[in-house]
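Structure assessment
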Amino acid sequence: MRAIGGLWRWRHNPLRRATDLVEAWLALVALLFVLVVTPVTGLLVGGAAQDALQRAARAQHAARYEVTATVVRRLTRSPLEADPEVSALRDSRSRVTADWRAPDGTARHGPVVTTLKTPHSGDHFTLWTDVHGTLVARPMDPVTATTHAVLAGLGAAMLTVGLVEGMRRLVLWRMVRRRYARWDRAWERAGPDWGRTGTGS
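Now for a description of the structure that goes with this document.

Points about the overall build of the protein chain
Of regular secondary structure, the protein chain possesses 4 helices and 4 strands. Helices and strands appear in the protein chain in the N-to-C order α-α-β-α-β-β-β-α. In the protein chain, buried positions account for 24% of the 201 residues. Pairs at least 24 apart in sequence give 65% of the contacts found in the protein chain among residues at least 6 apart.

This is the structure we're talking about:
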């Protein structure tokens, strides 16, 4: 709105310089870019991210399997884990030796991390593995994929706003520098006679 007001104010102002009108037009164009290009950019990037993330989530769900593991014994905490922050982070998890069967039928055995607070031998818990029983991370769920896509769209929109404003400020800075250079040249021409009695007579 300031850009439109600036254009209206400078229409017939006798003190208007060409650069004043250019500044007002520059502000209006930047505003239109922000209002039109920014949402489009956000939607395009968010849509592309949504498609890619949802495909990745479906691929992960197709290649990862939730299996049931059985606790063999609880593993003691390593003496190297003396950092209180690390210990606090791992308080809700326990390391155990467990047995589980891979989706392809292979019997697996090894140390794993479980969310069981007090695991005992024979307790059951779930793990995510590939088809051969190798431990993998939990697959991404569609809600998380959508959240990441929305954040990507918002980030792209904010980046577009920053680029448009940065370009506007760069052009404005160059215009101001040219204006100051013209003033300096005019001052140099008037300087030798400035303040002298009878100047111009």
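Comments concerning the side chain of T38
For T38, the location among the structural elements is in helix 2 (residues 18–63). What makes T38 buried here is its relative accessible area of 9%. A polar contact is formed between the side chain of T38 and the backbone oxygen of V34, at a distance of 3.1 Å. Setting aside anything within four residues of it in sequence, one finds T38 in contact with F33, A157, T160 and V161.

Regarding the pattern of salt bridges
Counting across every chain of the model gives 2 salt bridges. E165 is paired through a salt bridge with R169; the nearest N and O atoms lie 2.8 Å apart. Highlighted residues: E165 and R169, both in helix 4 (residues 142–190), separated by 4 residues, approximately one helical turn. Look at E165 and you get partly exposed, because its relative accessible area is 26%. Here the residues in one salt-bridge network are E165, R168 and R169, joined through shared partners.

Let's talk about the sheet that holds strand 4 (residues 124–129)
Pairing is antiparallel in the open sheet, where 4 strands are placed in the order 3-2-1-4. Among the strands making up the open sheet, the edge pair consists of strand 3 (107–114) and strand 4. Going across the sheet, the axis of each strand differs from the next one's by a mean of 45°, ignoring polarity. As paired elements, strand 1 (residues 65–74) and strand 2 (residues 94–101) share 5 bridges and run antiparallel to each other. Among the inter-strand pairings, A69 is bridged to a residue of strand 2, identified as W100.

Side note on the environment of T146
Tracing the sequence through the fold places T146 in helix 4. Along the sequence, T146 and Q50 sit 96 residues apart, while their C-alpha atoms lie 6.0 Å from each other.

A word on the nonpolar core
Counting residues in each nonpolar core, the largest one holds 9 residues, listed as V67, A69, V71, V96, A98, W100, V112, F125 and L127. Aside from chain neighbours lying at most four places away, what touches V67 is W100, R101, P103, F125, T126, L127 and T129.

Cut-off values and rules
- Residues numbered from 1 in each chain as written.
- Predicted model: local features only at pLDDT ≥ 70, side-chain atom pairs only at ≥ 80, totals over all residues.
- Heavy atoms only, no water.
- Helix = DSSP H or I, 4+ residues; strand = E, 2+ residues; numbered from the N terminus.
- Buried < 20%, exposed > 50% of the residue type's maximum accessible area, 1.4 Å probe, protein only.
- Contact = heavy atoms within 4.5 Å.
- Polar contact = N/O pair within 3.5 Å; in protein donor to acceptor, adjacent residues only side chain to side chain.
- Salt bridge = Lys/Arg side-chain N within 4 Å of Asp/Glu carboxyl O.
- Pairing = 2+ DSSP bridges.
- Axes fitted to C-alpha atoms, helices over the stretch in contact; angles between N-to-C directions.
- Core = buried A, V, L, I, M, F, W, Y, C linked by side-chain atoms within 4.5 Å.

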